[in-house]
Amino acid sequence: MPLLKNNAFVADDWVHLADDEAVAGQAKVTVSAERLVRDWDELVRLPGLLGVRLANTSREFDLNPFLPQLGLVVLPFPAFGDGRSYSIARQLRLDGYQSELRATGNILPDQLQFMLQVGFDTFDVTERFPLEAWQKASRQMSLAYQRGLFRKTGEREVWSERHQGFAPWEEQPHAG
Amino acid sequence: MYRYDEFDHQFVRERTEQFRDQAARRLSGEMSEDEFRPLRLMNGLYLQLHAYMLRVAIPYGTLSSRQMRQLGYIADRWDKGYGHFTTRQNIQYNWIKLEDTADILKALADVEMHAIQTSGNCIRNVTTDHWAGAAADEIADPRPVGELIRQWSSLHPEFSFLPRKFKIAITGAPTDRAAVKVHDIGLRLHRNESGEAGWEVMVGGGQGRTPMIAVTVREFLPEKELIPYLEAIMRVYNLYGRRDNKYKARIKILVHEIGAEKFRSEVEAEYARHPQQTTEVEERELARIAAYFADPRFEKLSRFSPQFEDARRTNPAFARWATNNLATHKKDGYTIVNISLKAPGEIPGDATGEQMRVMADLAEAFSHDELRVSHAQNIVLPHVKLNDVYTVWQKLAEHGLAASNHGLAGDIIACPGLDYCSLATARSIPIAQAISRRFADDRRQEEIGNIKINISGCINACGHHHVGHIGILGLDKAGEEYYQITLGGSSSEKASIGTILGPGFAHDDVPDVIYKILETYLKLRSPGEEFLATYRRIGVKPFKEAIYAAA
């Protein structure tokens, strides 16, 4: 599966470990949320970067204590109509998470801009659509009414533009 | 009235072009119907029994003459010469060709309209009081906030893939004409002890197969906090609303399953967790929008209009219409004209292209260029001088628009039913037509007085049968249509869900049953008592006896 980042297909340099798979000196690894909690003391001492793969249902799981140490959070879209990860992404960014946020699962080009706007920056996409389809989809709309979005493809915030003198919402720090 | 600025224009234009591209890809076969479906739904395009149906948003039910004229043009040019006004203050065209859709959306964009989010699992068109800005009892016009919510909810990146559709209704008056307690979120403007205006925020109302009355989540939310607070509610719903079963996915089920207390604490926790940096831009934006809704230049007039009184004295048909179809305006010498789209035997909510143009012309000449669509599927001219009412009525009468049954038995809410809708289990329109013919005698209707008869052609309740004083639900039993009757529903500030009368009835028996229910009411009412009050006093039993004992 290609990884889409900054409107280009790039190689995924993260290794995604199953729960029973040993860490073997890789530079960048992701683990499940369960393993993150279980093996935290061991994982946090690893020399490389650490990421986590979340379910979109783990409501009792408080990621906040781990956030500053994480280099990647992966959020799933089990079906393209299952929009929970949009809100989880927004919460993570509002909570101050600054590193890479990746969407995986059922992602259609027509959803790409929404995902960028809530703070995702990399995407596990299918090979069905050519790169141009994703590039075009990333800038379908040049305007957004909502404030506090990520404006990676340069869309303007209507309300902030109308009321000059107010800076747009402070641009939230962004990975990639 | 709100006018688009360059941003609004550009936004709708880009969206229209995007859809034109999607429709072209579908027509060329590049895209499958499965893939096209979610895209067309987010632009208001349904596939119904016989054709595509396009649902056009009429934000907070307000139209200018120019917009109404354009709706008439679309009906004539691309449909069969008529359109259907809905219970959500929208208009639907039932005979649309896919290849025409992008051109229709362009024609809408030309008059600052669109079909964005009239369908799909997103925040739908915001509805409000159809007498907003004109009603005598209003605290403030709710439409500026309606426009603020329209903009905020348009292509909201976080809330475009909710568990299910989401409907918000707003009222700025103590008398609730917007049915806010049977919406996913209902907002009621009121004042606290120190005189400041704020919102009562109600969540989890709804109809469908599980009717519920909304619970109050905040008694008093300061006006300026509305958008961030709505975001908190939406986020809680988006994260925790059920997605395993489409019929349990509305927010009312979440509120019901976890309980109002728990839901409230989730929302408040989310709201406290991510406080908005500032609401100053929202306040400025609301002030900018509110300026568009300033009162039109009303003349200083006497409360008494000799022309109006003369016409009433000399023309009994006009007098009857004036009694039933006019409502008190906040300014002396003005009135609110309610145009009933329920002429006896006609389809509730339907209007021809020609009728739309007539109403548009009247609004331009006599109602400060404004019209409203009501959730009862009627049209309102909100600001008519008493001096002009007789002229308006004459013109309406020439075009079959002067039915004098506003608020009476013939003023029926009905969904399209099995005549159009792919979800329906029974027809609604012929039932509505038969009942309105049965009560065509104006005097009989007036004797009965205020009554809301609502008809749905399936359990999804688009015809609001749960909150009809008399509700009629069309079902299917072994291939036969039959109709279940409920009594005592209401969508007012004292909202209630109707109680089932008993076993259902065959299609042809329904008008007689309704007639008997109302005869029973006339027999048992106290002087001056309306149907709903009588029902609430005596309960379902006497009606049950009258109907089933005779059978």
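Residues numbered from 1 in each chain as written. Chains lettered and ligands numbered in written order. Predicted model: local features only at pLDDT ≥ 70, side-chain atom pairs only at ≥ 80, totals over all residues. Heavy atoms only, no water.

**Q** Mind showing me how you'd approach the side chain of B:Asn125 here?
**A** All names here are of chain B. With respect to the helices and strands, the residue Asn125 is situated in the loop between helix 4 (98–110) and strand 6 (127–128). A distance of 3.0 Å separates the side chain of Asn125 from the backbone oxygen of Ile58, its partner in a polar contact. The contact partners of Asn125, leaving out residues within four places of it in the chain, are Ala57, Ile58, Pro59, Tyr60, Arg88, Asn90, Gln117 and Ile168. (Helix = DSSP H or I, 4+ residues; strand = E, 2+ residues; numbered from the N terminus. Polar contact = N/O pair within 3.5 Å; in protein donor to acceptor, adjacent residues only side chain to side chain. Contact = heavy atoms within 4.5 Å.)

**Q** So what exactly am I meant to see when it comes to the sheet that holds strand 5 (residues 91–96) of chain B here?
**A** Sheet strands line up and pair through hydrogen bonds in the backbone, either parallel or antiparallel. Residue and element names in this part refer to chain B. If you trace the five strands from one edge of the open sheet to the other, you get 1-2-5-4-13, paired in antiparallel fashion. The strands lining the two open edges of the sheet, one partner per strand, are strand 1 (45–47) and strand 13 (350–352). In this sheet, neighbouring strand axes are inclined to one another by 30° on average, regardless of whether the strands run parallel or antiparallel. Judged from the four bridges that link them, strand 2 (residues 52–56) and strand 5 form a sheet pairing that is antiparallel. In the sheet register, Leu54 faces strand 5, and the bridge partner there is Tyr93. Taken strand by strand, helix 2 (residues 33–41) contacts strand 1 and strand 2, and its axis lies near 135° from that of strand 1. (Pairing = 2+ DSSP bridges. Axes fitted to C-alpha atoms, helices over the stretch in contact; angles between N-to-C directions.)

**Q** Got a minute to help me understand helix 14 (residues 429–438) of chain B in this structure?
**A** Spacing of three or four residues puts side chains on the same side of an α-helix, whose turn is 3.6 residues. Residues and elements named next belong to chain B. Where burial is concerned, most of helix 14 is hidden: seven out of the ten residues are buried. Taken as a whole, helix 14 has its buried residues at Ile429, Pro430, Ile431, Ala432, Gln433, Ile435 and Ser436. Buried residues belonging to helix 14 abut strand 16 (413–414), strand 17 (453–456), strand 18 (470–477), strand 19 (480–487) and helix 16 (510–524). (Buried < 20%, exposed > 50% of the residue type's maximum accessible area, 1.4 Å probe, protein only.)

**Q** Could you clarify how one ought to interpret the packing of aromatic side chains in this entry?
**A** Working definition: an aromatic ring pair is given by the centre-to-centre distance plus the angle between the planes. Applying the stated criterion to the full structure yields 26 aromatic pairs over all chains. Taking 5.4 Å as the distance between ring centres and 65° as the angle between the ring planes, the aromatic pair formed by B:Phe318 and B:Trp393 counts as edge-to-face. Placement of the pair is B:Phe318 in helix 11 (residues 316–325) and B:Trp393 in helix 13 (residues 389–398), with a sequence separation of 75 residues. In terms of burial, B:Phe318 and B:Trp393 fall into one category: buried. An aromatic cluster is present here, built from A:Phe77, A:Tyr86, A:Phe114, A:Phe120, A:Phe123 and B:Phe161 joined pairwise through their rings. (Phe/Tyr/Trp six-rings, centres within 6.5 Å; stacked < 30°, edge-to-face > 60°.)

**Q** How should the interface of chain B and chain A be read in this particular structure?
**A** Where interface size is given, it is often the accessible area lost as the parts come together that is meant. Listed per partner, the contact involves 47 residues of chain B and 40 residues of chain A. When the two sides are added together, the surface that chain B and chain A hide from each other amounts to roughly 4,200 Å², 57% of it contributed by carbon and sulfur. Considering only the side of chain B, the residues that lose the most area to chain A are B:Phe7, B:Pro157 and B:Phe161, jointly responsible for 18% of the buried surface there. On inspection of chain B and its partner chain A, the count reaches nine salt bridges. Residue B:Glu282 is joined to A:Arg147 by a salt bridge in which the shortest nitrogen-to-oxygen separation is 3.0 Å. On inspection of chain B and its partner chain A, the count reaches 25 residue pairs in polar contact (both at pLDDT 80 or more). (Buried area = accessible area lost by both parts, 1.4 Å probe. Salt bridge = Lys/Arg side-chain N within 4 Å of Asp/Glu carboxyl O.)

**Q** Please clarify how the pairing of strand 15 (residues 379–385) of chain B should be interpreted in this entry.
**A** Remark: a regular strand shows side chains that alternate across the two faces of the sheet. All names here are of chain B. Within strand 15, six of the seven residues are buried, which leaves it mostly tucked inside the rest of the structure. The pairing of strand 12 (residues 334–339) with strand 15 spans five bridges and is antiparallel. Looking at the pairing, Thr335 lines up with Val384 of strand 15. Examined bridge by bridge, strand 14 (residues 370–373) and strand 15 share two bridges and lie antiparallel to one another. In the strand pairing of strand 15, Arg372 is matched with Val380. In sequence, strand 14 turns back onto strand 15 through a hairpin of five residues, with Gln377 there showing a positive phi of about 70°.

**Q** Got a minute to help me understand a negative patch on the surface in this structure?
**A** Residue and element names in this part refer to chain A. A surface patch of negative charge is lined by Asp19, Asp20, Glu21 and Glu34. Counting through the fold element by element, Asp20 comes out in the loop between strand 3 (15–16) and strand 4 (28–32). Of the residues examined, Asp20 reaches a relative accessible area of 72% and is grouped as exposed. (Patch = residues over 30% accessible without salt bridge, like charges linked within 9 Å, V, L, I, M, F, W, Y side chains within 5 Å. Areas by Shrake-Rupley, 256 points an atom, 1.4 Å probe, with all protein chains shown as cover. Lys, Arg positive; Asp, Glu negative; His and termini not counted. Charge placed at Lys NZ, Arg CZ, Asp CG, Glu CD.)

**Q** Whenever I open this one, the environment of B:Arg143 confuses me. Can you help?
**A** All names here are of chain B. Assignment of secondary structure puts Arg143 in helix 5 (residues 143–153). Linking Arg143 and Ala290, residues 147 residues apart in sequence, is a C-alpha distance of 8.1 Å. Not counting residues within four places of it along the chain, the set of residues in contact with Arg143 comprises Tyr60, Thr62, Thr128, Ala132, Gly133, Phe293, Glu370 and Arg372. Only 2.7 Å separates the side chain of Arg143 from the side chain of Asp141, close enough to count as a polar contact.

**Q** Got a minute to help me understand the sheet that holds strand 6 (residues 70–77) of chain A in this structure?
**A** Residue and element names in this part refer to chain A. One open sheet holds the eight strands; their spatial order is 2-1-8-7-6-5-4-3, and the pairing between them is mixed. With one partner strand each, in any of the chains shown, strand 2 (8–10) and strand 3 form the two edges of the open sheet. Along the sheet, helix 3 (residues 84–94) makes contact with strand 6 and strand 7 (100–105), crossing strand 6 at roughly 160°.

**Q** For this particular structure, what's the right way to read the packing of helix 16 of chain B against helix 17 (residues 531–538) of chain B?
**A** The description of two helices packed together rests on the angle between their axes and the distance between the axes. All names here are of chain B. In the contact formed by helix 16 and helix 17, the axes pass within 10 Å of each other and the chain directions differ by 75°. The angle between helix 16 and helix 17 falls in the class roughly perpendicular. Contacts from Ile517, Leu518, Tyr521 and Leu524 of helix 16 reach helix 17 at Phe531, Thr534, Arg537 and Ile538. Class assignment of the residues belonging to the contact of helix 16 with helix 17 gives a composition of six nonpolar, one polar and one charged. (Parallel < 35°, antiparallel > 145°, perpendicular 65-115°, else oblique. Nonpolar A, V, L, I, M, F, W, Y, C, P; charged D, E, K, R; others polar.)

**Q** Teacher, can you tell me more about the confidence of the model for chain A here?
**A** Atom-level detail of predicted coordinates should not be read off regions where pLDDT is low. Residue-level pLDDT values for chain A average 88, and 91% of them are 70 or greater. Segment residues 169–176 of chain A is flagged for pLDDT under 50; beyond a separation of four residues in sequence, or across chains, it makes 26 contacts in the model. (pLDDT = per-residue confidence, 0-100.)

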